[in-house]
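Report on the structure
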Amino acid sequence: MKLGILFAGQGSQAVGMGKDLYENCEAFREVFDLLPQEQRQIAFDGPMEKLSDTRNTQPIMVAFAAGIMAELQQAGVQPEMAAGLSLGEYSALHASGVFDAKMAIQLVTRRAQEMHQAAAGVDCKMSAIMGFDREALAECCNAASDVGVVQIANYNCPGQIVIAGEAAAVEKCTALAKERGARRCVPLPVSGPFHTVFMEPAGKALESVFNDTVFGEMKFPVIFNAVGREKTDEETVAELLVRQVSHSVYFEDTIKTMAAAGIDTVIEVGPGKALSGFVRKTCKDIKCLNIENFEGLQTVVETLKGDM
């Protein structure tokens, strides 16, 4: 078995996340206590409106992932490669040793603040477009640009691409995609036009933050969103994180890169099973495990011990 780990991003958050883990797992609880009490309560009890505010979503999701990693490491589970969807990239870097849990939470808290500020005053939407190809959707984005900004934000898997931007342009692009054969269009519960030009000010702010950040060495490779592969020697973690915030996420390419490296089993960390769905649609031979609660953690640890 060659194990990879995938970390969920914004949009997968769910009220109640972490509650049973907090009650049953000491290592998870120690990490989750790095969050302010108010954010812990939002994670446990909602409301969903507050949980989906990017200023809460980002630190809560990263603390959740770091807590799970603490439990997995305690159980002797070590992946050989990691990746995350957008925000989840910070969790992947934490898992690989680039950031400790406290630093990862601090960085995404700042990231969330800057992204929230960049989105202020923008009437925005994000929508997942199902059953449509890249080139055709790019043409729809261009055709809708007369009413505002709309861009491809995420290439999730074959047949699922996310668009983001100004509401009117997203709505027009969505309508055009449906007219031209898209199977379904699903609005996403996020609070900003992420991975578009609107996020460039957030990227510039993060660049300044990273100038004063000490990055640790990766214990195992991380596949980066902005390029869908490992970084080259000429690239830095900081510049790829800056680029990521305002550019498309190549998650389909990321999964293919992991498969090409021999990864045959992945653990998805985070509420829901969206990433596992992306994996199955991209590389169906990869086995998917999921940790979104205490029961899932127990099941994964027992399964992996049986395969070791």
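Cut-offs applied
- Residues numbered from 1 in each chain as written.
- Predicted model: local features only at pLDDT ≥ 70, side-chain atom pairs only at ≥ 80, totals over all residues.
- Heavy atoms only, no water.
- Helix = DSSP H or I, 4+ residues; strand = E, 2+ residues; numbered from the N terminus.
- Rg over C-alpha atoms; globule rule 2.2 N^0.38 Å.
- Buried < 20%, exposed > 50% of the residue type's maximum accessible area, 1.4 Å probe, protein only.
- Lys, Arg positive; Asp, Glu negative; His and termini not counted.
- Charge placed at Lys NZ, Arg CZ, Asp CG, Glu CD.
- Pairing = 2+ DSSP bridges.
- Contact = heavy atoms within 4.5 Å.
- Axes fitted to C-alpha atoms, helices over the stretch in contact; angles between N-to-C directions.
- Core = buried A, V, L, I, M, F, W, Y, C linked by side-chain atoms within 4.5 Å.

Once that is clear, we can look at the overall build of the protein chain. Looking only at helices and strands, one finds 14 helices and nine strands in the protein chain. The C-alpha radius of gyration of the protein chain comes to 18 Å, within 12% of the 19 Å expected for a compact globule of 308 residues. The principal-axis extents of the C-alpha atoms in the protein chain amount to approximately 55 × 40 × 40 Å. Relative to its full complement of 308 residues, the protein chain shows a buried share of 57%. The protein chain carries 28 positive and 40 negative side-chain charges, and their two centres are separated by 4 Å.

Glancing now at the sheet that holds strand β4 (residues 150–157). Strand order in the open sheet made by the five strands is β6-β3-β5-β4-β7, with mixed pairing throughout. The two strands at the open ends of the sheet, each matched to only one other strand, are β6 (184–187) and β7 (249–250). By the bridge criterion, seven bridges tie strand β3 (residues 124–130) to strand β5 (residues 160–166) in an arrangement that is antiparallel. Paired with Met-126 across the strands is Ala-164, a residue of β5. This element, helix α8 (residues 134–144), spans β3, β4, β5 and β7 of the sheet and lies at about 160° to β4. The strands that helix α9 (residues 167–179) touches are β3, β4, β5 and β6; relative to β5, the one it contacts most, it runs at about 145°.

On to the nonpolar core. Counting residues in hydrophobic clusters, the biggest one holds 75 residues, and the most contacted among them are Phe-7, Phe-32, Leu-72 and Ile-267. When residues of this core are assigned to their parent elements, the largest contribution, nine residues, is made by helix α5 (residues 54–74). The contacts of Phe-7, once residues within four sequence positions are left out, are Ala-65, Met-69, Ala-82, Ala-83, Gly-84, Leu-85, Gly-88, Ser-91, Ala-92, Ala-95, Val-269 and Leu-275. Core analysis: the second largest hydrophobic core is formed by 19 residues, Phe-132, Ala-144, Val-170 and Cys-173 among them.

A few words now on helix α6 (residues 88–95). Taken across its eight residues, α6 has eight buried, putting it largely inside the fold. Those residues of α6 not exposed but buried are Gly-88, Glu-89, Tyr-90, Ser-91, Ala-92, Leu-93, His-94 and Ala-95. Contacts from the buried residues of α6 go to β1 (3–7), α5, β2 (81–84), α7 (101–119), α10 (200–210) and α11 (237–246). Gly-97 lies just past α6 and shows a positive phi near 100°.

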